[in-house]
Number of protein chains: 2
Amino acid sequence: MPTPIAELQSLILGEIPMARAMDLTLREYDGAQLTIAAPLVPNINDKGCAFGGSLVSLMTLAGWGVVVLKLKDLGRDCDVYVQDSTVRYLAPVWSDIVAIAQLAEGETWDDFAQSLAQRGRARATVSCRVPLDEGRDACTMQARFVAIAR
Amino acid sequence: MPTPIAELQSLILGEIPMARAMDLTLREYDGAQLTIAAPLVPNINDKGCAFGGSLVSLMTLAGWGVVVLKLKDLGRDCDVYVQDSTVRYLAPVWSDIVAIAQLAEGETWDDFAQSLAQRGRARATVSCRVPLDEGRDACTMQARFVAIAR
């Protein structure tokens with residue numbers, strides 16, 4: 001049986017042509033963080049570094065994915081939508097891209113699960129970042145997602 | 001001789017593989033607004049509507065493009081970078097995508113040109129939106145760009 005992360009990768013690559021064009025891979029999910037990767041070459045811009053659209057797409061998919069995988073952990077069947085996001089572009093990316101998403105500080109999945117049980121919908125704020133090899137972040141995103149029970 | 005908008009489209013499609021994958025077209029630039037379009041099919045998601053990553057990529061490229069074209073009008077040779085953006089996703093897009101970018105309210109290109117002349121760099125805040133056929137917006141973006149003289 002495929003793992004939840006392998007199943008999610010199949011869904012994303014099967015249903016989203018732009019995810020295929022980005023050649024992304026869901027690399028790891030440890031119950032809290034989801035890591036997505038993509039090679040630089042298909043995601044390059046006119047300056048030879050990573051295209052801003054690829055960076056924000058990858059972070060948005062990582063944020064959406066961490067909510068989807070947590071819902072799987074919780075045994076809940078929901079649609080998940082992004083509502084808004086704030087992105088900061090801090091430094092160019094000259095290598096393959098990695099995006100890491102996790103629940104934002106100050107929020108808990110327990111509150112999320114409780115809201116979902118009580119109201120059939122719940123919001124989660126997710127923090128995403130694209131780290132550089134030397135430790136600092138190339139870009140960061142804070143995004144809100146809503147999950148609605150099917 | 002190619003028009004500035006045709007030249008910019010050639011640059012974007014020639015140098016950014018993801019722009020080719022999105023199949024985008026620079027449709028119109030009237031000195032204030034830049035309109036970019038992309039068909040739905042290559043930009044679809046698992047729900048059958050437009051992928052959020054495509055929407056934000058298209059809005060970011062429209063914002064970047066309007067600054068690049070204004071610099072061309074001003075006869076200035078600059079690199080243009082996105083610094084940050086805030087995106088709101090308001091409604092799904094079930095048709096081909098159109099993104100329109102223009103300078104944000106309260107800013108003027110005169111101030112931008114003056115800052116560039118005095119300091120060799122200038123910031124512009126750009127408003128982008130993806131309108132729906134019925135008049136309201138599917139998503140909006142406010143983004144800051146910096147232009148640095150080469």
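Conventions adopted
- Residues numbered from 1 in each chain as written.
- Chains lettered and ligands numbered in written order.
- Predicted model: local features only at pLDDT ≥ 70, side-chain atom pairs only at ≥ 80, totals over all residues.
- Heavy atoms only, no water.
- Helix = DSSP H or I, 4+ residues; strand = E, 2+ residues; numbered from the N terminus.
- Rg over C-alpha atoms; globule rule 2.2 N^0.38 Å.
- Buried < 20%, exposed > 50% of the residue type's maximum accessible area, 1.4 Å probe, protein only.
- Contact = heavy atoms within 4.5 Å.
- Lys, Arg positive; Asp, Glu negative; His and termini not counted.
- Charge placed at Lys NZ, Arg CZ, Asp CG, Glu CD.
- Core = buried A, V, L, I, M, F, W, Y, C linked by side-chain atoms within 4.5 Å.
- Axes fitted to C-alpha atoms, helices over the stretch in contact; angles between N-to-C directions.
- Parallel < 35°, antiparallel > 145°, perpendicular 65-115°, else oblique.
- Left-handed = near helix turned anticlockwise from the far one by under 90°.
- Nonpolar A, V, L, I, M, F, W, Y, C, P; charged D, E, K, R; others polar.
- Least-squares fit on C-alpha atoms with pLDDT ≥ 70 in both.
- Salt bridge = Lys/Arg side-chain N within 4 Å of Asp/Glu carboxyl O.
- Buried area = accessible area lost by both parts, 1.4 Å probe.
- Polar contact = N/O pair within 3.5 Å; in protein donor to acceptor, adjacent residues only side chain to side chain.

A. Geometry of the overall build of chain A. From N to C terminus, chain A includes four helices and six strands. Written out in order from the N terminus, the α and β elements of chain A read α-α-β-β-α-β-β-α-β-β. In terms of C-alpha radius of gyration, chain A reaches 15 Å, essentially the compact-globule figure of 15 Å for 150 residues. Seen through its C-alpha atoms, chain A measures out along the principal axes to roughly 50 × 35 × 25 Å. Counting every position in chain A, which comprises 150 residues, the buried fraction comes to 50%. In chain A, the proportion of contacts linking residues at least 24 apart, taken out of those at least 6 apart, comes to 66%. Both charge centroids of chain A, one from 14 positive and one from 18 negative side chains, sit 6 Å from each other.

B. Structural view of the nonpolar core. A:Val67 and B:Val67 are the most contacted members of the largest nonpolar core, which totals 106 residues. Filtering out sequence-adjacent residues up to four positions away, B:Val67 remains in contact with B:Val80, B:Trp109, B:Phe112, B:Ala124, B:Val126 and B:Phe145.

C. The packing of helix H3 (residues 52-74) of chain A against helix H4 (residues 109-119) of chain A, seen in detail. Residue and element names in this part refer to chain A. Where H3 contacts H4, the two axes come as close as 12 Å, and the packing angle between them is 70 degrees. It follows that H3 is roughly perpendicular to H4 by the angle criterion. For the pair H3 and H4, the crossing hand works out as right-handed. Across the interface between the two elements, Val66, Val67, Lys70, Leu71 and Leu74 of H3 pack against Trp109, Phe112, Ala113 and Leu116 of H4. Within the contact of H3 with H4, the residues separate by chemical class into eight nonpolar, no polar and one charged.

D. Geometry of the relation of the copies chain B and chain A. Superposing chain B onto chain A requires a rotation of 180 degrees together with a translation of 0.0 Å along the rotation axis, leaving an RMSD of 0.0 Å. Here the copies are linked by what is in effect a two-fold axis. Minimal C-alpha distance to the rotation axis in chain B is attained by B:Thr86, lying at 2.2 Å. Of the residues that chain B buries at the interface, 100% are likewise interface residues in chain A, meaning the two copies contact each other through the same surface.

E. Fine view of the pattern of salt bridges. In this structure the tally under the stated criterion is 16 salt bridges over all chains. For B:Asp137, the salt bridge goes to B:Arg129, with nearest N and O atoms at 2.9 Å. Take B:Arg129: its relative accessible area is 31%, and that puts it in the partly exposed class. Salt bridges sharing partners connect three or more residues here, namely A:Asp77, A:Asp79 and A:Arg150.

F. Looking closely at the interface of chain B and chain A. Taken residue by residue, the interface counts 31 residues in chain B and 31 residues in chain A. Here chain B and chain A share an interface that buries about 2,600 Å² over both sides, 66% of which is from carbon and sulfur atoms. In this structure, the connection of chain B to chain A is made through zero salt bridges. Summed over the shared surface of chain B and chain A, the number is seven residue pairs in polar contact (both at pLDDT 80 or more).

G. Here's a closer look at unusual backbone geometry. Residues other than glycine seldom take positive phi values, yet A:Asp23 does so here, at roughly 60 degrees. Residue A:Asp23 is classed as partly exposed on the basis of its relative accessible area, which comes to 44%.

H. The arrangement of the environment of B:Leu40 in detail. Residue and element names in this part refer to chain B. Note on placement: Leu40 falls in the loop between strand E2 (34-38) and helix H3 (52-74). Note: C-alpha distance between Leu40 and Asp23 (17 residues apart in sequence) is 9.5 Å. Ignoring sequence-local partners within four residues, the contact set of Leu40 consists of Gly48, Cys49, Ala50, Val93, Trp94, Ser95 and Asp96.

None of the figures reported here should be taken as evidence of function without further support.
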